[in-house]
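Inside the fold
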Amino acid sequence: MMNDSRTNNTNSENNVTVELLSEMYRNVTMGSENLATVVPMIRDKELMTNVTAQLERYADLTNKTADLLGKRDVDPKEPTMMKKIMSRGGIKLNLMTDASDTHIAQMIAKGTETGADELQLKYEQFRDRGCDSDVLNLCGEILEFERKEIAHANTMRAGRTNG
């Protein structure tokens, strides 16, 4: 009986870990996908440089997350085509009224903040439920990256508004 209890606890901890990893993967793939959607509209060189660096970092984080899923014999699940289409459509619709680089920076900050807030909630939900430390550490790395990028996008937006 004790082995059954331990096995169930291990399975529960693994499920929590996989669930957080899946949320992390969704976060980084959608972040990358949404940035790629705005790239063709960016005219400002500094903003383009920043977005390119973000895309590279998201690619690195996507690979790290996929590797951790693979170590647990779980295939990463891509966001559904419908989710991608709706996201792209929303971005393009939003840019129809204002395609300025200031507005793009604002959209990047808001989108990144939404993703980071959702991931933070999942992190807090699973942190004390036996989630593996390597996954919690990578989640913290993703959140730190996104918070830094939100601040940077807001700074760029403010500089354009005031300057």
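Here, every reference points to the structure presented above.
Presented here is a report on the structure given in the accompanying data block. (Residues numbered from 1 in each chain as written. Predicted model: local features only at pLDDT ≥ 70, side-chain atom pairs only at ≥ 80, totals over all residues. Heavy atoms only, no water.)

A separate point is the state of the cysteines. Applying the stated rule across the entire model yields zero disulfides. No disulfide involves Cys-131; its nearest neighbouring cysteine sulfur is the one of Cys-139, lying 7.9 Å away. On the accessibility criterion, Cys-139 (0% relative accessible area) is buried. (Disulfide = S-S within 2.5 Å. Buried < 20%, exposed > 50% of the residue type's maximum accessible area, 1.4 Å probe, protein only.)

A few words now on the packing of helix α2 (residues 45-71) against helix α4 (residues 101-127). Their axes nearest at 11 Å, the elements α2 and α4 cross at an angle of 25 degrees. The angle between the axes of α2 and α4 places the two elements in the roughly parallel class. Seen along the crossing, α2 lies across α4 with a hand that is left-handed. Contacts between α2 and α4 involve Leu-47, Val-51, Gln-54 and Tyr-58 on the former and, on the latter, Asp-101, Ile-104, Ala-105, Ile-108 and Thr-112. (Axes fitted to C-alpha atoms, helices over the stretch in contact; angles between N-to-C directions. Helix = DSSP H or I, 4+ residues; strand = E, 2+ residues; numbered from the N terminus. Parallel < 35°, antiparallel > 145°, perpendicular 65-115°, else oblique. Left-handed = near helix turned anticlockwise from the far one by under 90°. Contact = heavy atoms within 4.5 Å.)

Tallied over the entire structure, the rule returns twelve salt bridges. Between Asp-60 and Lys-64 there is a salt bridge whose closest N-O contact spans 3.8 Å. One end of the pair, Asp-60, and the other, Lys-64, are both in helix α2, four residues apart, so they sit about a helical turn from each other. By relative accessible area, which is 30% here, Asp-60 ends up partly exposed. You can call Lys-64 partly exposed: its relative accessible area is 33%. (Salt bridge = Lys/Arg side-chain N within 4 Å of Asp/Glu carboxyl O.)

For helix α3 (residues 81-97), spanning 17 residues, the distance from its first C-alpha to its last is 25 Å, which sits close to the expected 24 Å at 1.5 Å a residue. For α3, the complete set of buried residues consists of Lys-84, Ser-87, Ile-91 and Leu-95. Down the axis, α3 shows its buried residues gathered within 70 degrees of arc, on one side only. Facing away from the buried side of α3 by more than 90 degrees, the exposed set consists of Met-81, Met-82, Met-86, Leu-93, Met-96 and Thr-97. (Expected span 1.5 Å × (residues − 1). Arc of directions from axis to C-beta.)

Moving on, we get to the nonpolar core. Within soluble globular proteins, side chains that are nonpolar generally end up buried alongside one another. Ranked by internal contacts, the top residues of the largest apolar core, which has 37 residues, are Leu-20, Met-24, Leu-47 and Ile-108. Of all the secondary structure elements, the ones that give two or more residues to this core are α1 (2-38), α2, α3, α4 and α5 (133-162). Broken down by element, the residue count for this core peaks at ten residues, all from α5. Ignoring anything within four residues of it in the chain, the contact list for Met-24 reads Thr-65, Leu-119, Val-135, Leu-138, Cys-139 and Ile-142. (Core = buried A, V, L, I, M, F, W, Y, C linked by side-chain atoms within 4.5 Å.)

Turning next to the packing of α3 against α4. Two numbers describe how α3 lies on α4: the axes approach to 10 Å, and their chain directions differ by 145 degrees. Our pair here, α3 against α4, has a crossing hand that is right-handed. Contacts between α3 and α4 involve Ile-91, Asn-94 and Leu-95 from the first element and His-103, Ile-104 and Met-107 from the second. Within the contact of α3 with α4, the residues separate by chemical class into four nonpolar, two polar and no charged. (Nonpolar A, V, L, I, M, F, W, Y, C, P; charged D, E, K, R; others polar.)

Looking now at the packing of aromatic side chains. Ring pairs (aromatic) are described by centroid distance and by the angle formed between their planes. All told, the structure shown has one aromatic pair when counted by the stated rule. A ring pair is formed by Tyr-58 and Phe-145, whose centres lie 5.0 Å apart and whose planes are at 90 degrees; its orientation type is edge-to-face. Within this pair, whereas Tyr-58 is found in helix α2, its partner Phe-145 is found in helix α5, the two being separated by 87 residues in sequence. Taking relative accessible area as the criterion, Phe-145 reaches 7% and is therefore assigned buried. Lying across the ring of Phe-145, Arg-57 places its NZ or CZ 5.9 Å from the centre. (Phe/Tyr/Trp six-rings, centres within 6.5 Å; stacked < 30°, edge-to-face > 60°. Lys NZ or Arg CZ within 6 Å of the ring centre and 35° of its normal.)

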